[in-house]
Amino acid sequence: MAIIFFLSLFSLLFFTLSSSHIIPRFPYSVISPEQQLNSGSVQNGLYRTKFFTQILDHFNYNPQSYQKFQQRYLINDTYWGGAKKKAPIFVYTGNEGNIEWFTQNTGFMFEQAPYFNALLVFIEHRFYGKSIPFGGKKKVAYANSSTLGYLSSAQALADYATLIIDLKKNLSATESPVVVFGGSYGGMLAAWFRMKYPHVAIGALASSAPILQFDDLVSPYAFDNIITQDFRSESENCYKVIKGSWNLIEETAKKHGGLELLRKSFKICNNYIGVDALEGWLGQAWIYTAMTDYPTPTNFLSPLPAYPVRKMCEAIDSSVTGKNTLEKLYDAASIYYNYSGTSKCFDLNDHSDPHDLGGWQWQACSEMIMPEGASSKESIFPESKWSVKDRNAYCKFAYNVVPRPNWITSEFGGHNIEIVLKRSVGNIIFFNGLRDPWSGGGVLKNISKTIIAIVAKEGAHHVDLRYSTKEDPKWLKDVRKQEVKIIESWISQYHQDLATK
Ligand SMILES: *[C@@H]1O[C@H](CO)[C@@H](O)[C@H](O)[C@H]1NC(C)=O
Ligand SMILES: *[C@@H]1O[C@H](CO)[C@@H](O)[C@H](O)[C@H]1NC(C)=O
Ligand SMILES: *[C@@H]1O[C@H](CO)[C@@H](O)[C@H](O)[C@H]1NC(C)=O
Ligand SMILES: *[C@@H]1O[C@H](CO)[C@@H](O)[C@H](O)[C@H]1NC(C)=O
Ligand SMILES: *[C@@H]1O[C@H](CO)[C@@H](O)[C@H](O)[C@H]1NC(C)=O
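As the structure is a computational prediction, the values presented were derived from the model and not from experiment. (Residues numbered from 1 in each chain as written. Chains lettered and ligands numbered in written order. Predicted model: local features only at pLDDT ≥ 70, side-chain atom pairs only at ≥ 80, totals over all residues. Heavy atoms only, no water.)

S.K.: Please set out the site of ligand 1 residue by residue, giving values where relevant.
M.R.: Around ligand 1, the neighbouring residues are Gly-45, Leu-46, Tyr-47, Asn-76, Asp-77, Thr-78, Tyr-79 and Phe-110. One nitrogen or oxygen atom from the main chain of Leu-46 is found 3.4 Å from an oxygen atom belonging to ligand 1. For ligand 1, whose unbound accessible area comes to 370 Å², protein coverage reaches 67%. Across the shell around ligand 1, the residue classes break down as 4 nonpolar, 3 polar and 1 charged. (Near = heavy atom within 4 Å. Polar contact = N/O pair within 3.5 Å; in protein donor to acceptor, adjacent residues only side chain to side chain. Areas by Shrake-Rupley, 256 points an atom, 1.4 Å probe, with all protein chains shown as cover. Nonpolar A, V, L, I, M, F, W, Y, C, P; charged D, E, K, R; others polar.)

This is the structure we're talking about:
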């Protein structure tokens, strides 16, 4: 039996294949309900919420295209130096979820705003959060492909351009330079925005942006290889125990009373559990923890201690208590699912989506075909292959849509990126942390004097954009300092160009 982990930037969607029968099982919950963040209400006083009347379709002139929807954006002008000074505007290009959640996790922009006298703007991606076309009615917008068809990266970038241009006009700040920021898919959008709209943004900080995770640009094994390496570098035993767990679970399940034993061992609430669901639940814990293996305690996808992969391996390697393997796996998974200690039991059928990431399923069925999740013999996950056929079958089932795996590279490029970008665009920072499985699809080499790759060996998923803490290691402080210096150089170059034009 193969477990297939289906895409995921945050919204890890996975389904299982048994013979030719496809059982879709998502959206898989990111956070158990007990641990939900109070997204929305916590950060009162960080920004004002505004809505902009956006056009449904930027690329078509038929009557349907002219329909409007309300796009949410968040704004903070406390530190802005103003239009007269041509003070900069920092824009976060929202990704696949509620913009408030991303804003709360992008402390870097708030912390740098006073230094740059920057205006802060966080724009929500269409079809997510409160930026829902078709009258704000999610049921209608998500009904089927005839409405979901308006959910695409190209439309999102055009939304951002339209909104930024209009906002600058309203503020009489047409000469204020705009720098775009984003992490993960938002980082991809930031980089692509700089490439497509160089007249709107002078530069982009694209953090953990896997813009090369498309087509044949990277190995589909890269993602799982990095997770494997994350655990294996903690301890060989930890790697072996997790690698062996899939077999252990399947063998246990076959025994009389085995499923009940598994259910009890992992404190599962559901009366009946499937092996696939249990394996998916465990896999999700290892994947998300690898992605968010931050050097300080965090609460992004789930509350976690500092260096959570290490903590998981310590639980697995622990010899003091004489626990059996299932108990150790439970202890390790609990670090992801129950670090707060508030979960009574784990619900494998929990399909809650607190950050509103569900639209990613559609994106993953249309243009975001990111080959990943294939597992080699050495992988910590069961051996499996990436299959575009499986994706196609799922997408036909779910939306009756045929994925276009070559569209992203046709639209934004990717092949020969070093040669292409160095002659066509400048002022992009690509940050990647090598512990992040998405770094496999990141830009890891300097391309030109102004297209800079900052690579942190110990870094995880867009760690640079997070709020700083007193415990931050030196390498992280250095990364942020370097980013500030580079952004500063873009802005002063821009002002110089303006003065001498
Ligand atoms: C902007 O953010 C700062 C925190 O960095 C906060 O103190 C201030 O009140 C915010 N301003 C607005 C207008 O929300
Ligand atoms: C999509 O849903 C709408 C409203 O329910 C319906 O009128 C339309 O025929 C559907 N389109 C497709 C392609 O299924
Ligand atoms: C600019 O001002 C107009 C008129 O008040 C308003 O409708 C529009 O939403 C504003 N644009 C933005 C981006 O807020
Ligand atoms: C979560 O942690 C608390 C505190 O350690 C414990 O009492 C509870 O049983 C745990 N929940 C589950 C589902 O393991
Ligand atoms: C890219 O260049 C910068 C200096 O501009 C350097 O700090 C950085 O380490 C280089 N990145 C890589 C991946 O070599």
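S.K.: Before we move on, can you summarise helix H7 (residues 222–232) with the specific residues and values?
M.R.: Among the 11 residues in H7, 8 count as buried, and that is most of the element. Among all positions of H7, only Ala-222, Phe-223, Asp-224, Ile-226, Ile-227, Thr-228, Asp-230 and Phe-231 are buried. Buried residues along H7 sit in contact with helix H8 (236–254), helix H10 (275–291) and helix H11 (308–317). (Buried < 20%, exposed > 50% of the residue type's maximum accessible area, 1.4 Å probe, protein only. Helix = DSSP H or I, 4+ residues; strand = E, 2+ residues; numbered from the N terminus. Contact = heavy atoms within 4.5 Å.)

S.K.: Explain the site of ligand 4 residue by residue, including any values.
M.R.: Taken together, the neighbourhood of ligand 4 is formed by Lys-267, Tyr-330, Asn-338, Gly-341, Ser-343, Lys-344, Cys-345 and Phe-346. The backbone of Ser-343 places a nitrogen or oxygen atom 2.5 Å from a nitrogen atom of ligand 4. For ligand 4, the protein covers 62% of the area, taking 360 Å² as the surface of the free molecule.

S.K.: Talk me through the state of the cysteines; I want residue IDs and the actual numbers.
M.R.: Every disulfide links exactly two cysteines, by a covalent bond between their sulfur atoms. Scanning the entire structure with this criterion turns up 3 disulfides. Disulfide pairing places Cys-238 opposite Cys-313 at an S-S distance of 2.1 Å. Measuring handedness by torsion sign, the sulfur bridge of Cys-238 and Cys-313 sits at about -70° and is left-handed. Linking Cys-238 in helix H8 with Cys-313 in helix H11, this pair joins segments that are 75 residues apart in sequence. By relative accessible area, which is 3% here, Cys-313 ends up buried. Covalently, Cys-365 is tied to Cys-395 through a disulfide, its sulfur atoms 2.1 Å apart. In this structure, the disulfide formed by Cys-365 and Cys-395 twists by about -80° around the S-S bond and is classed as left-handed. Remark: Cys-395 occurs in helix H14 (residues 388–399) and Cys-365 occurs in helix H13 (residues 360–366); sequence separation between them is 30 residues. Of the two residues examined, Cys-365 and Cys-395, each falls in the buried class. What connects to what in the protein chain, once the bonded cysteines are numbered by sequence position, is 1-3, 2-4, 5-6. (Disulfide = S-S within 2.5 Å.)

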